[in-house]
Amino acid sequence: FNPDHPTYLRIAAIARLRNGSDGVGRTLRRGRLFPRETAFAGYPFAIPPAGELMAWSMTHYQTEVVMVLNTHGAAARGADVTVDAVMHPAGSTLSILYQSDWRDDELRQPPGDRTVRVTQQPDGRATVRVDLPPAGMMILG
(Lines give C-alpha, C1' and ligand atoms only; values in the text may rest on other atoms or scores of the structure.)
Protein backbone atom coordinates (compact mmCIF):
# COMPACT_ATOMS: atom_id res chain seq x y z
CA PHE A 1 0.00 0.00 0.00
CA ASN A 2 1.12 3.54 -0.69
CA PRO A 3 0.84 5.37 2.68
CA ASP A 4 0.90 8.73 0.86
CA HIS A 5 -2.12 7.96 -1.35
CA PRO A 6 -5.17 10.16 -0.54
CA THR A 7 -7.43 7.15 0.04
CA TYR A 8 -4.92 5.55 2.40
CA LEU A 9 -4.61 8.82 4.35
CA ARG A 10 -8.39 9.03 4.82
CA ILE A 11 -8.73 5.41 5.94
CA ALA A 12 -5.77 5.83 8.31
CA ALA A 13 -7.26 9.01 9.84
CA ILE A 14 -10.58 7.26 10.57
CA ALA A 15 -8.80 4.13 11.86
CA ARG A 16 -6.73 6.26 14.28
CA LEU A 17 -9.97 7.63 15.76
CA ARG A 18 -11.51 4.18 16.11
CA ASN A 19 -8.40 2.57 17.55
CA GLY A 20 -7.70 5.35 20.06
CA SER A 21 -7.61 4.56 23.78
CA ASP A 22 -9.66 7.67 24.60
CA GLY A 23 -13.43 8.02 24.91
CA VAL A 24 -13.85 8.54 21.16
CA GLY A 25 -12.10 5.26 20.34
CA ARG A 26 -14.04 3.34 22.98
CA THR A 27 -17.30 4.85 21.74
CA LEU A 28 -16.59 3.93 18.13
CA ARG A 29 -15.76 0.36 19.13
CA ARG A 30 -18.39 -0.28 21.81
CA GLY A 31 -21.04 2.42 21.56
CA ARG A 32 -24.71 2.17 20.69
CA LEU A 33 -25.68 3.48 17.26
CA PHE A 34 -28.55 5.93 16.79
CA PRO A 35 -29.79 7.50 13.53
CA ARG A 36 -30.10 11.27 13.95
CA GLU A 37 -32.82 13.46 12.53
CA THR A 38 -31.82 16.43 10.39
CA ALA A 39 -33.57 19.54 9.13
CA PHE A 40 -32.69 21.31 5.89
CA ALA A 41 -34.18 23.90 3.55
CA GLY A 42 -37.07 24.65 5.91
CA TYR A 43 -38.22 21.04 6.22
CA PRO A 44 -38.99 19.73 9.74
CA PHE A 45 -36.62 17.40 11.59
CA ALA A 46 -36.80 13.85 10.24
CA ILE A 47 -34.64 11.00 8.99
CA PRO A 48 -33.55 12.48 5.64
CA PRO A 49 -34.42 11.15 2.19
CA ALA A 50 -31.83 9.85 -0.27
CA GLY A 51 -29.46 12.51 -1.57
CA GLU A 52 -29.37 14.56 1.65
CA LEU A 53 -27.15 14.57 4.73
CA MET A 54 -27.42 11.31 6.66
CA ALA A 55 -26.34 11.48 10.29
CA TRP A 56 -25.92 8.93 13.05
CA SER A 57 -24.19 8.89 16.38
CA MET A 58 -22.64 6.37 18.68
CA THR A 59 -22.82 6.86 22.42
CA HIS A 60 -20.93 5.18 25.23
CA TYR A 61 -21.34 6.42 28.80
CA GLN A 62 -20.91 10.22 28.56
CA THR A 63 -19.34 10.32 25.08
CA GLU A 64 -21.15 10.85 21.78
CA VAL A 65 -19.46 10.64 18.39
CA VAL A 66 -21.51 12.02 15.49
CA MET A 67 -20.91 10.98 11.88
CA VAL A 68 -22.46 12.91 9.00
CA LEU A 69 -22.36 11.88 5.35
CA ASN A 70 -23.49 13.83 2.30
CA THR A 71 -25.18 11.10 0.26
CA HIS A 72 -25.44 13.37 -2.80
CA GLY A 73 -22.48 12.73 -5.05
CA ALA A 74 -22.67 15.92 -7.12
CA ALA A 75 -23.95 18.75 -4.87
CA ALA A 76 -22.97 20.24 -1.55
CA ARG A 77 -25.50 19.82 1.24
CA GLY A 78 -26.08 21.36 4.66
CA ALA A 79 -28.41 20.61 7.56
CA ASP A 80 -29.00 21.01 11.25
CA VAL A 81 -28.19 17.67 12.88
CA THR A 82 -29.73 16.49 16.17
CA VAL A 83 -27.30 15.60 18.97
CA ASP A 84 -27.83 14.40 22.54
CA ALA A 85 -29.13 17.42 24.49
CA VAL A 86 -27.98 16.09 27.87
CA MET A 87 -24.38 15.56 26.75
CA HIS A 88 -24.29 18.73 24.64
CA PRO A 89 -26.18 21.67 26.14
CA ALA A 90 -26.76 24.80 24.08
CA GLY A 91 -23.58 26.85 23.72
CA SER A 92 -21.22 23.89 24.07
CA THR A 93 -19.09 22.74 21.16
CA LEU A 94 -18.18 19.51 19.41
CA SER A 95 -14.72 19.12 17.91
CA ILE A 96 -14.31 18.25 14.25
CA LEU A 97 -12.29 15.03 14.48
CA TYR A 98 -12.31 14.20 10.76
CA GLN A 99 -13.37 15.93 7.58
CA SER A 100 -13.09 14.21 4.21
CA ASP A 101 -11.96 17.35 2.37
CA TRP A 102 -8.99 18.00 4.66
CA ARG A 103 -5.60 18.39 2.98
CA ASP A 104 -3.09 15.54 3.26
CA ASP A 105 -1.16 17.26 6.07
CA GLU A 106 -4.40 17.76 8.04
CA LEU A 107 -5.24 14.07 7.64
CA ARG A 108 -1.82 13.13 9.01
CA GLN A 109 -2.01 15.66 11.87
CA PRO A 110 -5.67 16.66 12.46
CA PRO A 111 -6.19 20.29 13.45
CA GLY A 112 -7.38 20.40 17.04
CA ASP A 113 -9.01 23.81 16.95
CA ARG A 114 -12.02 23.27 14.69
CA THR A 115 -15.40 23.05 16.36
CA VAL A 116 -19.13 23.42 15.74
CA ARG A 117 -21.42 25.11 18.25
CA VAL A 118 -24.46 23.39 19.71
CA THR A 119 -27.68 25.37 19.50
CA GLN A 120 -31.08 24.74 21.02
CA GLN A 121 -34.04 24.58 18.65
CA PRO A 122 -37.49 25.95 19.61
CA ASP A 123 -38.67 22.38 20.25
CA GLY A 124 -35.87 21.87 22.80
CA ARG A 125 -33.62 19.62 20.75
CA ALA A 126 -29.88 20.27 20.58
CA THR A 127 -28.39 20.57 17.09
CA VAL A 128 -25.19 21.36 15.21
CA ARG A 129 -24.99 22.88 11.74
CA VAL A 130 -23.02 20.81 9.23
CA ASP A 131 -22.20 21.76 5.63
CA LEU A 132 -20.45 19.19 3.44
CA PRO A 133 -19.17 19.00 -0.14
CA PRO A 134 -20.52 16.33 -2.52
CA ALA A 135 -19.99 12.85 -1.01
CA GLY A 136 -18.28 14.53 1.97
CA MET A 137 -18.07 13.16 5.49
CA MET A 138 -17.47 14.65 8.94
CA ILE A 139 -16.91 13.07 12.35
CA LEU A 140 -17.61 15.14 15.47
CA GLY A 141 -16.88 14.33 19.08
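These notes cover the structure that comes with them. Everything numeric here is computed off the predicted structure, so don't read it as measured data.

Calculation rules
- Residues numbered from 1 in each chain as written.
- Predicted model: local features only at pLDDT ≥ 70, side-chain atom pairs only at ≥ 80, totals over all residues.
- Heavy atoms only, no water.
- Pairing = 2+ DSSP bridges.
- Helix = DSSP H or I, 4+ residues; strand = E, 2+ residues; numbered from the N terminus.
- Axes fitted to C-alpha atoms, helices over the stretch in contact; angles between N-to-C directions.
- Contact = heavy atoms within 4.5 Å.
- Phe/Tyr/Trp six-rings, centres within 6.5 Å; stacked < 30°, edge-to-face > 60°.
- Lys NZ or Arg CZ within 6 Å of the ring centre and 35° of its normal.
- Parallel < 35°, antiparallel > 145°, perpendicular 65-115°, else oblique.
- Buried < 20%, exposed > 50% of the residue type's maximum accessible area, 1.4 Å probe, protein only.

Here we come to the sheet that holds strand β4 (residues 63–70). The strand order β1-β3-β4-β10-β6-β7 describes an open sheet built from six strands, whose pairing is antiparallel. A single partner strand is all that each edge strand has here, and the edge strands are β1 (32–36) and β7 (115–117). Each strand axis lies, on average, 30° off the axis of its neighbour in the sheet, ignoring direction. Taken together, the eight bridges between strand β3 (residues 53–60) and β4 define a ladder with antiparallel strand orientation. What sits directly across from threonine 59, in β4, is glutamate 64. Against the sheet, helix α1 (residues 6–19) makes contact with β6 (93–99) and β10 (137–140), and its axis sits at roughly 140° relative to β6, the strand it touches most.

Now for the packing of aromatic side chains. Summed over all chains, the structure comprises two aromatic pairs. Residue placement shows arginine 125 over the ring face of phenylalanine 45; its charged tip is 4.2 Å from the ring centre.

Contact pair α1 / helix α2 (residues 23–30): the axes reach a minimum separation of 6 Å and the direction vectors enclose 95°. Comparing the axis directions of α1 and α2 gives the class roughly perpendicular. Across from Leu17, Arg18 and Asn19 in α1, the residues of α2 making contact are Val24, Gly25, Leu28 and Arg29.

With that settled, the discussion passes to the pairing of strand β9 (residues 126–132). Burial of β9 is extensive: five of the seven residues sit out of reach of the surface. Here strand β8 (residues 119–120) runs beside β9; their pairing, made up of two bridges, is antiparallel. Each residue of the ladder has a partner; that of threonine 119, found in β9, is threonine 127. With antiparallel pairing between neighbouring strands as the criterion, β8 and β9 make up a hairpin whose turn holds five residues, including glycine 124 at a positive phi of roughly 95°.

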